[in-house]
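Spelled out from the first residue to the last, the chains are:
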Amino acid sequence: MKIIKSLVKNILWKIWTNKTLKYLDSLEQESNPKAKRLAILLRQTIKEEFSKEEMQWIEKIENLRADIEKNTSKVNVIDYGAGNPQDNRTESEMYNGTINTSRVCDINIASKRPFWAKVLFKIIREFKPQTAIELGTCLGISSAYQSSAMILNNNGRLITMEGSPELVKIAESHIKGLGISNVEIIEGRFQDNLKRILEENKPIDYVFIDGHHDEKATIDYYNLFIPYLKDGAVLVFDDISWSKGMKNAWKIIQKDKNIQLAVNFKEIGICIFHT
């Protein structure tokens, strides 16, 4: 069964890769130079083109991921998000949160998979943001990828936000264990803390929204970010095909007058902001 699953996975990956490479060919023909830059960095990620220094960080983080996958200890997780697509949680239910007890190795499923984590890494390396905001720390894997790219850039810091206290403690230990010091983890609901964080750290030139997964919440967060974004800021939206609501949110955001460029890679959407 494992062999069959592996074969199917490899076939699907090849199909996706071929389609994406064709899409990148068209993206490189865009007049917008940032579209070409996005196409190049994604092509580099697909082909695993990383420098020696980049690979050293990637290997460290993936070794951490491997350790996490073996961690069967249980923790209490407060989920302030939309849960699963079929849950249909109300705004009140999402704000109050749902408490679940889960094994760390199971929570790790929510971490960005290696390929997409490397895409985030490449985006940071290419666009070199100074102040980055991440909504949804989880176990700190994507935080590690983004902040280590900033270390290699010799510039930038990441402020990442997580609602679940026990996940914050675990992520902090992971980040510290990797020897990363340019990350600040903010504990609490996004709704309660985001505006203050934006006020204290403006202008923002990079955003990764990987939490809540609700149509209205995603649009609200985007609108809240707008006054604090630097011209040319990069915004990455995770799981834009996760549910009907997230698909609608992406359609609305990409049509906003302040979005200079919107690229849909199915799992993530990347926008370039223009004032």
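Okay, so let's go over this structure.

Calculation criteria
Residues numbered from 1 in each chain as written. Predicted model: local features only at pLDDT ≥ 70, side-chain atom pairs only at ≥ 80, totals over all residues. Heavy atoms only, no water. Helix = DSSP H or I, 4+ residues; strand = E, 2+ residues; numbered from the N terminus. Contact = heavy atoms within 4.5 Å. Phe/Tyr/Trp six-rings, centres within 6.5 Å; stacked < 30°, edge-to-face > 60°. Buried < 20%, exposed > 50% of the residue type's maximum accessible area, 1.4 Å probe, protein only. Lys NZ or Arg CZ within 6 Å of the ring centre and 35° of its normal. Expected span 1.5 Å × (residues − 1). Arc of directions from axis to C-beta. Core = buried A, V, L, I, M, F, W, Y, C linked by side-chain atoms within 4.5 Å. Patch = residues over 30% accessible without salt bridge, like charges linked within 9 Å, V, L, I, M, F, W, Y side chains within 5 Å. Areas by Shrake-Rupley, 256 points an atom, 1.4 Å probe, with all protein chains shown as cover. Salt bridge = Lys/Arg side-chain N within 4 Å of Asp/Glu carboxyl O. Lys, Arg positive; Asp, Glu negative; His and termini not counted. Charge placed at Lys NZ, Arg CZ, Asp CG, Glu CD. Pairing = 2+ DSSP bridges. Axes fitted to C-alpha atoms, helices over the stretch in contact; angles between N-to-C directions.

In this section: the side chain of Ser 147. Tracing the backbone shows Ser 147 in helix 7 (residues 141-153). Residues within four places of Ser 147 in sequence aside, it is in contact with Leu 158, Ile 180, Asn 182 and Val 183.

With that settled, the discussion passes to the packing of aromatic side chains. Per the stated rule, a full pass over the model turns up nine aromatic pairs. Residues Phe 237 and Trp 250 carry aromatic rings whose centres are separated by 6.1 Å and whose planes lie at 65° to one another, so their mutual orientation is edge-to-face. Linking Phe 237 in strand 7 (residues 229-238) with Trp 250 in helix 11 (residues 244-254), this pair joins segments that are 13 residues apart in sequence. Residues Phe 237 and Trp 250 agree in their burial class; the two are buried. What links up through ring pairs into an aromatic cluster is the set Trp 16, Phe 115 and Trp 116. We note Lys 60 situated over the ring of Trp 57; from NZ or CZ to the ring centre the distance is 4.2 Å.

Right, let's get into helix 9 (residues 190-201). Here helix 9 contains 12 residues, and its C-alpha end-to-end distance of 15 Å stays within 8% of the 16 Å for a straight helix at 1.5 Å per residue. Within the span of helix 9, buried status applies to Phe 190, Asn 193, Leu 194, Ile 197, Leu 198 and Asn 201. Mapping the buried residues of helix 9 onto a view down its axis gives an arc of 135°, with all of them on the same face. Residues of helix 9 that are buried make contact with strand 3 (131-135), strand 4 (157-162), strand 5 (183-187), strand 6 (204-209) and helix 10 (215-225).

Right, let's get into the nonpolar core. Counting residues in each nonpolar core, the largest one holds 55 residues, and the members touching the most others are Ile 123, Tyr 206, Val 236 and Phe 265. When residues of this core are assigned to their parent elements, the largest contribution, nine residues, is made by helix 6 (residues 114-127). Every residue in contact with Val 236, bar those within four places of it in the chain, is listed here: Leu 120, Ile 123, Tyr 206, Val 207, Phe 208, Ile 209, Ile 268, Gly 269 and Ile 270. Counting residues in hydrophobic clusters, the runner-up holds 27 residues, among them Ile 133, Leu 194, Val 207 and Phe 273.

Among the surface-exposed residues, Lys 19, Lys 244, Lys 247, Lys 251, Lys 255 and Lys 266 lie close enough to one another that they form a single positively charged patch. A per-element tally of the positive patch places helix 11 first, with three residues. Along the chain, the position of Lys 244 falls in helix 11. Among the residues examined, Lys 244 registers a relative accessible area of 67% and is labelled exposed.

With that settled, the discussion passes to the environment of Pro 114. In this structure, Pro 114 sits in helix 6. Each C-alpha atom, one on Pro 114 and one on Ile 58, is 9.0 Å from the other, the two residues being 56 residues apart in sequence. Apart from the residues within four sequence positions on either side, Pro 114 is in contact with Glu 62 and Arg 65.

Pairing in this open sheet of seven strands is mixed, and the strands run 5-4-3-6-7-9-8 from one edge to the other. Only two strands of the sheet have a single partner each, and these edge strands are strand 5 and strand 8 (259-264). In this sheet, neighbouring strand axes are inclined to one another by 15° on average, regardless of whether the strands run parallel or antiparallel. Taken strand by strand, helix 10 contacts strand 3, strand 6, strand 7, strand 8 and strand 9 (268-273), and its axis lies near 165° from that of strand 7. Against the sheet, helix 11 engages strand 7, strand 8 and strand 9, with an angle of about 145° to strand 8.

Attention now moves to a nonpolar patch on the surface. A grouping of Ile 4, Val 8, Ile 11, Leu 12 and Ile 15 is seen on the molecular surface, where their side chains present a nonpolar patch of about 460 Å² in accessible area. Relative to the helices and strands, Val 8 resides in helix 1 (residues 2-27).

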